[in-house]
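Working through the structure, step by step
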Amino acid sequence: MASESSLPPTHRALVLRSLDSPLKVESLATPKATSGNVVVQVLAANVLSYGREILDGTRPYPYPKPYTPGGSAIGRIAAVGPDSTVFTPGQLVLVDVMVRARDDTSISYLIGIHNGFSNGSVKLATDEWRDATYAEYEKVPLENCYALDEARLLGDPASGGLGYSVDDLLYIHRLLVPFGGFRDVDLKVGETILICPATGPYGTAAVSLALALGANVVAMGRNAQVLEKLAATSDKIKTVQITGDVENDTSAIKKFGPIDVFFDISPPMAASSTHIKSGILSLAHSGRVSLMGGIAGDISIPYGAIMFNDLKLHGKFMYERKDIRMLIKMVESGVMGLGQKIGARVEGKFGLEEWDQAFTAAKENAGPGQYVVIAP
Ligand SMILES: NC(=O)c1ccc[n+]([C@@H]2O[C@H](COP(=O)([O-])OP(=O)(O)OC[C@H]3O[C@@H](n4cnc5c(N)ncnc54)[C@H](OP(=O)(O)O)[C@@H]3O)[C@@H](O)[C@H]2O)c1
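Everything numeric here is computed off the predicted structure, so don't read it as measured data.

Examining the overall build of the protein chain
Helix and strand counts for the protein chain come out as 11 helices and 17 strands. A compact globule built from 376 residues should have a C-alpha radius of gyration of about 21 Å, and the protein chain, at 21 Å, falls within 12% of that. In terms of its C-alpha atoms, the protein chain occupies a principal-axis envelope of roughly 65 × 50 × 40 Å. Considering the protein chain as a whole, with its 376 residues, one finds that 55% of them fall into the buried category. Of the contacts formed within the protein chain by residues at least 6 apart in sequence, a portion of 71% connects residues at least 24 apart. Accessible area of the protein chain: about 16,100 Å², with a carbon and sulfur share of 53%. Measuring between centres, the 35 positive side-chain charges of the protein chain sit 2 Å from its 40 negative side-chain charges.

Given below as structure tokens:
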């Protein structure tokens, strides 16, 4: 078990120096724990289905270079700073990718992914919190670490454990994004939620989560095969295929209504998809919309329907810290399953040197429950 004194002087980390040159594994000085942070040994880090598009500039996510990219992760505390009160070396933790400024928590960004949109977030990503989890060790803000009950989560079911693996736990991050949106619009037990697109990594996670929260699901998307697979997993899931005809699609959704919540998790490419309009038009009076997609520009919305039906439009970037604690509790109590229990599975596990294969696998395995891990 690592402790400060046993940390190696150097560690391996994936480094991006410029969008024009490939990622390279480099030997860097191992970070040290000081006040306000811990050093975590990374066991399993998340790979986004569009991870390569970020690192080759196709999705123009700004970030200071050089840097070590990464995603949320599961790791073990390797060293603690003098002001840590709950962490000890060896402890299993969830590492959250969302960094918030300590002196203004409205300033936030995703470490190792995107440096945010404010001077403050760019400053933090440039000066102090730049390098992320595609490395053996990461220096992590104290508040970005969440203790996990290892005995319960990884323990043998015969002795009260849930029998998960570390890789199973990584899926908590996939669930966290829709959880942030659901909590923001206060999705309730027994309500009906329209999720669209429901066929990608976050959309399918949203479907599993909504079921665990006791909601009925209308899963909508373009891909009929994936919709069929989703419908086969629970009789609480109804499906609607996007045809591009707003009127038809709206009535198809309404057949499963009344719809209380419309959760949108569109990628940038879906900015002109008709589902945004049909989703809003299908809502019951006082329905809520949670916009969590990656559409950066403008879209047109049915203003009159929103006004006459008292609809509420919410935007949500990620989630709150209390949401993370709540989701961990749901997993530890068994209310939210992981792994086989919800059909989630690791489709590939790659070392740092295999980053290229990892991004290809993540792109190719973006269906229900599928995910890919980088294990430094
Ligand atoms: N708000 C936040 O905090 C937050 C956090 C994380 C991610 N996001 C955003 O969430 C988005 C979704 O992420 P992801 O990893 O699940 O998947 P993704 O790879 O970005 O998108 C794949 C999903 O989008 C659908 N899609 C693609 N093009 C479409 C189009 N023209 N019309 C309708 N649907 C289309 C796909 O459906 P098919 O099966 O039909 O191809 C699939 O369901 C990301 O792009 C990201 O920007 C937001």
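Concerning the UniProt feature "domain: Alcohol dehydrogenase-like C-terminal" (unreviewed entry) in the protein chain
Within this numbering scheme, the UniProt entry marks residues 203–332 as carrying the feature "domain: Alcohol dehydrogenase-like C-terminal" (unreviewed entry). Secondary structure content for residues 203–332 is 42% helix and 23% strand, while the C-alpha to C-alpha distance between its ends is 23 Å.

Observations concerning the UniProt feature "domain: Alcohol dehydrogenase-like N-terminal" (unreviewed entry) in the protein chain
Those places that UniProt annotates as "domain: Alcohol dehydrogenase-like N-terminal" (unreviewed entry) correspond, in this numbering, to residues 36–148. The annotated region residues 36–148 carries 12% helix and 36% strand content, and the separation between its end C-alpha atoms amounts to 20 Å.

Some details on the nonpolar core
Generally speaking, a soluble globular protein has its nonpolar side chains buried in company with each other. F182, I193, I195 and L327 are the most contacted members of the largest nonpolar core, which has 96 residues in total. The dominant element in this core, judged by the number of residues it contributes, is helix α4 (residues 166–184), at nine residues. Two domains each donate at least three residues to this core, and these are domain 1 (4–147 + 344–374) and domain 2 (175–315). In contact with F182, not counting residues within four places along its chain, are L187, I193, I195, A206, L209, A210, L213 and F263.

A word on the site of the ligand
For the ligand, the set of nearby residues contains 24 residues, the closest of which are T199, G200, Y202, M292 and M318. Measuring from an oxygen atom of the ligand, one finds a backbone N or O atom of G200 at 2.8 Å. M292 is positioned with one of its backbone polar atoms (N or O) 2.8 Å from a nitrogen atom of the ligand. Relative to its unbound accessible surface of 920 Å², the ligand loses 85% to contact with the protein. Residues belonging to the shell around the ligand are distributed by class as follows: 14 nonpolar, seven polar and three charged. Of the domains in this structure, domain 1 (4–147 + 344–374) and domain 2 (175–315) are the two that each give at least three residues to the shell around the ligand.

A word on the domain arrangement of the protein chain
Domain annotation of the protein chain identifies domain 1 (4–147 + 344–374) and domain 2 (175–315). Every contact between the two is made by nine residues of domain 1 and, on the other side, 10 residues of domain 2. Across the interface of domain 1 and domain 2, roughly 610 Å² is buried in total on both sides, 65% from carbon and sulfur atoms. Ranking the residues of domain 1 by area buried against domain 2 places R59, A366 and P368 at the top, with a combined share of 59%.

Observations regarding the pattern of salt bridges
All chains considered together, the criterion is met by 16 salt bridges. One salt bridge connects E143 with R102, and the closest N-O pair in it is separated by 2.7 Å. Taken together, the positions of E143 in the loop between β8 (137–141) and β9 (145–147) and R102 in the loop between β6 (98–101) and β7 (104–110) put the pair 41 residues apart, joining distant regions of the chain. Given the relative accessible area of 21%, E143 is considered partly exposed. On the basis of relative accessibility, which here comes to 48%, the residue R102 falls in the partly exposed class. Linking E320 and K316 is a salt bridge whose minimum nitrogen-to-oxygen distance equals 2.5 Å. Under the relative-accessibility criterion, K316 is labelled buried at 17%. Here the salt bridges do not stand alone but share partners, grouping R12, E136 and E353 into one network.

What about a nonpolar patch on the surface?
Nonpolar side chains collect at one region of the surface, where L291, I299, I301 and L313 lie side by side and expose about 280 Å² of accessible area between them. With respect to the helices and strands, L313 occurs in strand β15 (residues 312–315). Residue L313 is classed as partly exposed on the basis of its relative accessible area, which comes to 40%.

Things to note about the sheet that holds strand β12 (residues 237–241)
The parallel open sheet is built from six strands, whose spatial order is β12-β11-β10-β13-β14-β15. Of all strands in the sheet, those bounded by a partner on one side alone are β12 and β15. In this sheet, adjacent strand axes meet at a mean angle of 20° when their direction is disregarded. Relative to β12, strand β11 (residues 216–221) runs parallel, the two sharing five bridges. Opposite G221, over in β12, you have Q241 as the bridge partner.

Considering the environment of G343
In this fold, G343 is placed in the loop between α10 (321–333) and β16 (345–350). You can call G343 partly exposed: its relative accessible area is 35%. When the C-alpha atoms of G343 and S208 are compared, they prove to be 9.1 Å apart, with 135 residues separating the residues in sequence. With residues up to four places along the chain from it excluded, the contact list for G343 reads P368 and G369.

Reading the values: the criteria
- Residues numbered from 1 in each chain as written.
- Predicted model: local features only at pLDDT ≥ 70, side-chain atom pairs only at ≥ 80, totals over all residues.
- Heavy atoms only, no water.
- Helix = DSSP H or I, 4+ residues; strand = E, 2+ residues; numbered from the N terminus.
- Rg over C-alpha atoms; globule rule 2.2 N^0.38 Å.
- Buried < 20%, exposed > 50% of the residue type's maximum accessible area, 1.4 Å probe, protein only.
- Contact = heavy atoms within 4.5 Å.
- Areas by Shrake-Rupley, 256 points an atom, 1.4 Å probe, with all protein chains shown as cover.
- Lys, Arg positive; Asp, Glu negative; His and termini not counted.
- Charge placed at Lys NZ, Arg CZ, Asp CG, Glu CD.
- UniProt positions renumbered as here; feature names shortened; annotations may be inferred.
- Core = buried A, V, L, I, M, F, W, Y, C linked by side-chain atoms within 4.5 Å.
- Domains from an automatic or database assignment.
- Near = heavy atom within 4 Å.
- Polar contact = N/O pair within 3.5 Å; in protein donor to acceptor, adjacent residues only side chain to side chain.
- Nonpolar A, V, L, I, M, F, W, Y, C, P; charged D, E, K, R; others polar.
- Buried area = accessible area lost by both parts, 1.4 Å probe.
- Salt bridge = Lys/Arg side-chain N within 4 Å of Asp/Glu carboxyl O.
- Patch = residues over 30% accessible without salt bridge, like charges linked within 9 Å, V, L, I, M, F, W, Y side chains within 5 Å.
- Pairing = 2+ DSSP bridges.
- Axes fitted to C-alpha atoms, helices over the stretch in contact; angles between N-to-C directions.

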